[in-house]
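Notes for the structure review
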Amino acid sequence: MTDEAPVIRDRQAWRVAVREACDRLAPAWPLDASLAVNPYFGLRHLDFEEAVLTLMRVAGSTLTMPRRYYREQIESGRITRGDVAEALAAHGLPSDEQYAARLLAHDGAPPVQRIPLVLHVLGRVDPSRPWAAFCVETISRFAAAYFDTGQAVWPLPWRDEPLYDAWLQFARLDASPWAMGLKGVADMVAGLPRQPLESIACVLKALAVPDAYVADYCHAALLDIGGWATRAQDTRPRHKVARGRADIEDLLAIRLAWELILFRATQGPRLGVAWQTALQSLPPTPSAHMTPDVQVDSVLQTALELGYRRRLVADLAACGERPDRHVGRGRVAVQAVFCMNNRLEVFRRALEAVAPEIRTLGFSGFCGLAFAGAPFDPFMGVVRHVMPFAQVLRQGAARGQAPAIADGDRCAVASAMLRFMSLTDGFARLVLLVDHGPLLGHTPQGVGSSGGEWAGGMDARTVAALLNDRALRARLVQEGIAIPADTGFVAARYHSARDEVVLFDTAPWETTHAQDLEGLRAVLEEAGAHAREERIRAPAAPAFGVQPESDAARWRPQERLRGACELEFVGNAAFIAAPRARTEGVALDGRAFLQDYEWRRDADFEILRYIMTVPMMAAHWMNMGYYASVVDHKRFGGANKTLHNRVGGCIGVLEGAGGDLRNGLPIQSLFDGRHWAHEPMRLNAFVEAPRARMDEVLACHEIVRSVVEHGWLFLFQMDSEAGGLFLRARDGRWEQVS
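Only a predicted model underlies this, so the values are computations on that prediction, with no experimental measurement involved. (Residues numbered from 1 in each chain as written. Predicted model: local features only at pLDDT ≥ 70, side-chain atom pairs only at ≥ 80, totals over all residues. Heavy atoms only, no water.)

Concerning the sheet that holds strand β5 (residues 500-504)
Spelled out, the test is: Two strands are said to pair when DSSP picks up at least two bridges between them. Where helices and strands are cited, they refer to DSSP runs of H or I of at least four residues and of E of at least two residues respectively, numbered from the N terminus. All axes here are fitted lines through C-alpha atoms, helices being fitted over the stretch that makes contact, and every angle between N-to-C directions spans 0 to 180 degrees. We call two residues in contact whenever any of their non-hydrogen atoms come within 4.5 Å of each other.
What the five strands build is an open sheet, ordered β2-β1-β3-β4-β5; its pairing is mixed. Only two strands of the sheet have a single neighbouring strand rather than two, namely β2 (359-363) and β5. Averaged over neighbouring strand pairs, the angle between their axes works out to 25 degrees when direction is ignored. Pairing geometry for strand β1 (residues 334-339) and strand β3 (residues 430-436), over five bridges, is parallel. Within β3, the residue paired with Val-334 across the bridge is Leu-430. Packing of helix α17 (residues 344-354) onto the sheet brings it into contact with β1, β2, β4 (488-495) and β5, and relative to β1 it is tilted by some 170 degrees.

Some words on the sheet that holds strand β7 (residues 592-595)
Taken in spatial order, the six strands make up an open sheet running β7-β6-β11-β12-β13-β14, and their pairing is mixed. On the outer flanks of this sheet lie β7 and β14 (734-736), each paired with one strand and no other. Neighbour-to-neighbour, the strand axes of this sheet turn through a mean angle of 25 degrees, independent of strand direction. In this fold helix α27 (residues 615-631) packs onto β6 (574-577), β7, β11 (683-687) and β12 (713-718), with an angle of close to 165 degrees to the strand it touches most, β11.

Notes on the packing of aromatic side chains
Aromatic ring pairs are defined here through the distance separating the ring centres and the angle between the ring planes. Inclusion rule: Stacked, edge-to-face and tilted labels apply to pairs of Phe, Tyr and Trp rings (six-membered ring for Trp) whose centres lie within 6.5 Å, assigned for plane angles under 30 degrees, over 60, and everything in between, in that order. Categorising residues by exposure relies on relative accessible area from a 1.4 Å probe, with only protein chains included: less than 20% of the type maximum marks a residue as buried, more than 50% marks it as exposed, and the intermediate range marks it as partly exposed.
Under the defined criterion, the tally for this structure stands at 22 aromatic pairs. With a centroid separation of 6.4 Å and an interplanar angle of 80 degrees, the aromatic rings of Tyr-40 and Tyr-627 are classed as edge-to-face. Of this pair, Tyr-40 sits in the loop between α1 (11-23) and α2 (48-59) while Tyr-627 sits in helix α27; the two residues are 587 residues apart in sequence, bridging distant segments of the chain. Of the two residues, Tyr-40 and Tyr-627, neither departs from the other in class, the shared state being buried.

Details of the environment of Val-346
Topologically, Val-346 is positioned in helix α17. Overall, the relative accessible area of 3% leaves Val-346 in the buried class. Considering only alpha carbons, one finds Val-346 and His-530, 184 residues apart in sequence, at a separation of 8.9 Å. Beyond its immediate stretch of four places on either side in the chain, Val-346 contacts Ala-531, Glu-534, Arg-535, Asp-589 and Gly-590.

Thoughts on helix α15 (residues 269-280)
As a reminder of what qualifies: An expected span of 1.5 Å times one less than the residue number is assigned to each helix.
With twelve residues, α15 should reach 16 Å at 1.5 Å per residue; the first-to-last C-alpha distance of 16 Å fits that figure. At its buried positions, α15 is contacted by α6 (118-125), α12 (214-224) and α14 (247-265).

Printed below as a string of structure tokens:
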């Protein structure tokens, strides 16, 4: 293996392969602009089962739980024999019990042949020194300094240069390789090509990586520093001299440079032979066929999802097209608009039980706007024509400040918000706008557990102030939205750890709406008590959730919140966009995101397009973030939050003093010491709208279509005319399931 080995024969082909590897990584945004991290976003063009093989091949990762987890679910009755039989049939396997018993007889599959990295081969040849940890630590230290947003006392001198250029200068002065016994590293760095793509080509050629494995090899190298790789995937331009270069390609060049440096600096007969053996042991081409053991795990995961879906479909089908119980009863005194938060479903249902005269609505606007305003261009491309004001909010003020909305845009923003709330007429005297925000101070990642705080400052208080503007209301009349003079919008915030709703800025209404506010506060408190009682009695309540109250210390909030501050979306499994009558009274166990939507009032179906491209995708994104943090916590989880150290200001966190960036959910948010508090399941999205219109949205938006047709999200139509529920199959057909 020499530098002259003619491995890369088609220069354009390997450039495409490098780009493919980079595109497999999802973006992870800074803590102050983070909704959730979906590490599988870059694999959405692959079928779910094919993605399993890809992750196993490049990183030894999995998309399913250990076999014993599914056995426990079967023993507890969570997964039934019928679920297993149906899952077997869906995968084209025999559905008899004897076959199923054989599948569950042993744990795990034999090791899969992974794409080799020099660092891993070197670790086997020379186990006396932690080479892999050293490489990750060295790159992480440099990346933290480069991406720093003000935490560092001494900024990196080369932060204004492209990432790879900055590293070339940093690495020539870095003394850490010398401490590991490596010599001549500065000279090797000086000899690397000045352009990152040329440097990547140099490494591929020197290490004789076969053409067919370039994409997988580069993908494996990026996943080795996956936390920083997803941070580098953020597509916002950082500097003027990058000339179109992407940070993630520069980071790949850095990671591969370390492959070559260590290969040469520690070169010896054993490493050379071991590396050549590793390359020769690879199969002729990457396999796209599932082994029997991998297929078993896929079957068991499907059975877990079918068990939940079966009950949910039955409940929704039983509701049918029920009429709205508020129709014909005159003007309601209070309307409560709840933001997207699956835990809010329990509180909302409790409020309807204790105060049936209050009309509740579900609005995924604050999370949806956060998602639409995310610093990732493809999302903006999807929603810009649906939400023309999203760009305005994206360019608004900094976190914690109201967005700078121009006067000419204020009417458009208010009109769109009300239409997306399904609230354009029949306004109550008091309209409560309830968002949810992070409970800060207990973890650096508290920001990322909620979506309500960072939608460009567009929280409930901002929206309430906007809609209370009398001059704006006069302009809304021209848009066909007449808000009565006595209607007051009041902002509120839901605290999931305490099941409490706190009202804001009520002073203007304390005189004119005193009785309404007094009654509202009373029923909110009573609803909170009912919600807490339901959670306490839930058979699988997390150990760090709500505990019974005591007179001596009713809340002890600082103690109570430490464990629960990141539980915002735990348990999420469904998204439902339909009139509330379709779900009212159904115990969804705090697992469903709810969006009110009446398609007959959506003349141009732009609201449907908004729902399927923004809140539904935001729910999917959060769902996959939780999913990945459970099934592959070592790679995609947030580790132990008691060891978290904020890095670079608001970039992210490290576990302890070093290592890779941790972008997922902390273990305390997912595991109670005995059981997983979150069941890893792909999202079930139910939308009440005509199938043809839903197909039109899918046809127009590649991102949405990919996650549906490749099995990352299950899309159902609730047919309000013919009745029944229909699941969209991967081939584009709609299959009736109820």
